[in-house]
Amino acid sequence: MPRTRTPVVAGWFTEDAAEEDFRLLGTRCSGCRSVHFPREDGHCRNPGCPGGELEEVPLSKRGTVWSCTDGRYRPPPPYVSDPDAPWTPYTLVAVELAAERMVVLGQAAPGVGVADLPVGSVVEVVPGVLDEDRATGTVHTTWHWRPVPAKEGRS
């Protein structure tokens, strides 16, 4: 059966992009220049903004770890999870994107734990898989944060 790749939330990240071109997608207000993620398509969320057009913008590929924690329990729906499969803990990371002046949450890449993500370390966003429905061949895609080797520098 052919596999179908489906984003968990359409429009939040580039789809079918090579790993080096993968980005989270936000929106920028033309009035106040605020950047929003998740994207905002209706109006600027900045309460002091008189309003402006919202345009899609790719967010920074790299950021610094602001905080992280282990998820050692199975989250409730709407999180996609097979209740009959053994639960595998995951790491949740809060990443500060300096250029956008925001913190974005996401899961760490598989095999990356809290010990691999000291506060202030540099990470990059990469495509990830949240879940695969083998019966239908559907792969639910998302983003993950992965450590950047220290020799590659800061964000």
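That block above? That's the structure.
Residues numbered from 1 in each chain as written. Predicted model: local features only at pLDDT ≥ 70, side-chain atom pairs only at ≥ 80, totals over all residues. Heavy atoms only, no water.

(A) Molecular detail of the packing of aromatic side chains. In the structure shown here, the tally under the stated rule is six aromatic pairs. Seen in terms of ring centroids, W12 and W143 are 6.2 Å apart; in terms of plane orientation they differ by 45 degrees. Their pairing is tilted. Of the two residues, W12 is situated in the loop between β1 (4-7) and β2 (25-29) and W143 in strand β9 (residues 138-147); the sequence distance between them amounts to 131 residues. For W143, a relative accessible area of 11% corresponds to the buried category. Seen in terms of ring centroids, F13 and F22 are 5.5 Å apart; in terms of plane orientation they differ by 40 degrees. Their pairing is tilted. An aromatic cluster is present here, built from W12, F13, F22, F37 and W143 joined pairwise through their rings. (Phe/Tyr/Trp six-rings, centres within 6.5 Å; stacked < 30°, edge-to-face > 60°. Helix = DSSP H or I, 4+ residues; strand = E, 2+ residues; numbered from the N terminus. Buried < 20%, exposed > 50% of the residue type's maximum accessible area, 1.4 Å probe, protein only.)

(B) Seen up close, the sheet that holds strand β3 (residues 35-36). If you walk across this open sheet you meet the three strands as β3-β2-β4, and the pairing is antiparallel. The outermost strands of the open sheet, each flanked by one partner alone, are β3 and β4 (54-58). Where β2 lies against β4, five bridges are found, and the strand directions are antiparallel. Bridging from a neighbouring strand, L25 pairs with P58 of β4. (Pairing = 2+ DSSP bridges.)

(C) Focus on the pattern of salt bridges. The tally for this structure, following the rule as stated, stands at eight salt bridges. The closest approach of N and O atoms between R39 and E56, which form a salt bridge, is 2.7 Å. With R39 in the loop between β3 and β4 and E56 in strand β4, the pair connects residues that are 17 residues apart, well separated along the chain. For R72, the salt bridge identified is with D70, shortest N-O distance 3.1 Å. (Salt bridge = Lys/Arg side-chain N within 4 Å of Asp/Glu carboxyl O.)

(D) The arrangement of the pairing of strand β6 (residues 90-97) in detail. In terms of burial, β6 is largely enclosed, as six of its eight residues are buried. Pairing geometry for strand β5 (residues 62-71) and β6, over seven bridges, is antiparallel. Following the sheet pairing, G71 is matched in β6 by Y90. Bridge count for β6 against strand β7 (residues 102-108) is six bridges, and the pairing is antiparallel. Bridged to V95 within β7 is V104. Remark: four residues form the turn of the hairpin made by β6 and β7, two consecutive strands paired antiparallel; R101 in that turn has positive phi of roughly 55 degrees.

(E) How the structure looks around the nonpolar core. Ranked by internal contacts, the top residues of the largest apolar core, which has 21 residues, are L24, L59, W143 and W145. Of all the secondary-structure elements, those providing two or more residues to this core are β6, β7, β8 (122-133) and β9. Leave out the neighbours within four places in its chain, and L24 touches W12, F13, F37, V57, P58, L59, V104, V125, W143 and W145. (Core = buried A, V, L, I, M, F, W, Y, C linked by side-chain atoms within 4.5 Å. Contact = heavy atoms within 4.5 Å.)

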